[in-house]
Amino acid sequence: MAWTIKLAFGIILTSLTGSLVLLVWHVIGGWLEGLGYLNIQYSLLKLAVGFFLVPICYLVFTRFAHSFPEWDGGVLFLQTPVILWICNIFCILWFAGVGVFGAWYFLSLWMLHRRYRSRAVCKGPILEEFCAVCKELGISPRRVGLYWSLRIDVPEFTGTIHPRVMLPTDAKKAAGRERRIIFIHELMHYRQKDIWVKHLITMTLVLHFFNPVAWWLHFSISRWSEHACDSRACELVGIEPYFDGIVQMMVDMGKVKECFIARQVEDKHELAERTMRMKKYGDSKKKSPAAAAAVCAILAACSSVSVYAASVGMIGQYENLYQATVVEVEEQMDVMELEEFEEAPGLSPSVEEEGELLEQIRSSATLAWTVSGHVLKKTPEFDAKSGGSINVMATAPANKYVNVGIIEPDGTKRYVREKGDILHKFSLDQTGKYRVFVENKNDGAVDVEGSYIVR
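Keep in mind that what you see is a predicted model, and the values were worked out from it rather than measured.

Q: So, a nonpolar patch on the surface: which residues are in play, and what are the values?
A: Side chains of Val-82, Trp-85, Ile-86, Ile-89, Ile-92, Leu-93 and Leu-321 sit close together on the surface and give an oily, nonpolar patch of about 660 Å² of accessible area. In terms of residue count, the dominant contributor to the nonpolar patch is helix 4 (residues 81-115) (six residues). Looking at the secondary structure, you find Leu-93 in helix 4.

Listed below in structure tokens is the structure:
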């Protein structure tokens, strides 16, 4: 199978898996938030990112196809000229998109680096206030730095290896209560590992730029990270003092909107949404973490069923595409007639010692398969060169015809259709990866034994 087919379907299956998990979890997570499971929506969104980055479905289905060929008819991810052409075009466009969005990713990091070059370390009473809040939250003050910056308008949290809270110079004029709110909010981003999450979601967007659901996830992560910070901060400060303090510090935003920082507030509309959400949650009864864990387990089981069903449907469509585009060439089985010789007793020459073989056989294997009805069972790929041959020998049931042959590098199937003893030499006109296969188009299973030699 061509690597472009592996890559294309690995990406598509992974994108499908992530999208289904995200949509199912978002709907149920929103319902659970309303019941009092605070911050469960954000936790589910972060978990969903993993389904976009790890090709779980692709790896599982590849394993199934290798171990249980009857599961997919034995044709999953086999290539045909049409499938290969489609996947090649997809990979070219995908690489181009990854290049563009990858450049945007690194450009954003570079702009962020330039933005924070002119910063100054905070000292004095304000630093002492910051250290006091760190200790209150159980965070070592040495882990998070505190800086002034002339190039920002609102407090920001940034940095992965060296996390830091960035303060605008106007924060010097703020009251101590307002600065405490700033510190609590930004340090909540540190405890939630929000900057790491934003890097992961941006990588997801680079890989799945063609998927609208990935863009929606990128937007949702930013919103729900703020909601999670709000809920945890309000437990320490109170809802009204918390949002009153934010309103007092709200100023117009700058022109550059970065992806790898956590801002105190984005705009007035978002602030109003966050305020209404926290007032609503303040009236709801909180649920225990144990109950939330049980709900998440049920949620994972439900989403697994949905992902499996949708993925199997996609596999079925691939089988239909393969059957519609595969090129098949049926060959006449070789008929070998051997000439007989007779020798009178005592006339045979003396027995000579065996000499070394002048040519080693490049590849050979034996097989003993039970092939289910309407299933194609194939060997792993092996190398063969143009001008060579593959000799296939097999013994099938005497009353059932089977197809025995090879799959060429371009996906063409060449085979002989016979029952009983089968022997055929396939001459090769391509260099590349080949497979030997046995296809049973009968209703019941058949037992086939045989071998092949590559010359």
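Q: Hey, could you go over the pairing of strand 2 (residues 145-149) for me, with residue numbers and the actual values?
A: Within a regular strand, side chains alternate between the sheet's two faces. Where burial is concerned, most of strand 2 is hidden: five out of the five residues are buried. Bridge analysis of strand 1 (residues 119-121) against strand 2 gives three bridges, and the strand direction is antiparallel. Each residue of the ladder has a partner; that of Ala-120, found in strand 2, is Trp-148.

Q: I'd love a proper account of the pairing of strand 12 (residues 413-418), names of residues and values included.
A: Judged from the three bridges that link them, strand 6 (residues 328-330) and strand 12 form a sheet pairing that is parallel. Following the sheet pairing, Val-329 is matched in strand 12 by Arg-414. Alignment of strand 11 (residues 402-407) against strand 12, held across six bridges, turns out to be antiparallel. By the bridge assignment for strand 12, Val-404 is matched with Val-416.

Q: An account of the packing of aromatic side chains is needed here, citing residue identities and associated values.
A: Here the structure, examined in full by the defined rule, presents 13 aromatic pairs. Ring centres of Phe-101 and Trp-215 lie 5.7 Å apart, and the angle between their planes is 70 degrees; this geometry places the pair in the edge-to-face category. Here Phe-101 is found in helix 4, whereas its partner Trp-215 is found in helix 8 (residues 212-237), with 114 residues between them in sequence. Classification of Trp-215 by relative accessible area gives partly exposed; the value is 37%.

Calculation notes
Residues numbered from 1 in each chain as written. Predicted model: local features only at pLDDT ≥ 70, side-chain atom pairs only at ≥ 80, totals over all residues. Heavy atoms only, no water. Patch = residues over 30% accessible without salt bridge, like charges linked within 9 Å, V, L, I, M, F, W, Y side chains within 5 Å. Areas by Shrake-Rupley, 256 points an atom, 1.4 Å probe, with all protein chains shown as cover. Salt bridge = Lys/Arg side-chain N within 4 Å of Asp/Glu carboxyl O. Helix = DSSP H or I, 4+ residues; strand = E, 2+ residues; numbered from the N terminus. Buried < 20%, exposed > 50% of the residue type's maximum accessible area, 1.4 Å probe, protein only. Pairing = 2+ DSSP bridges. Phe/Tyr/Trp six-rings, centres within 6.5 Å; stacked < 30°, edge-to-face > 60°.

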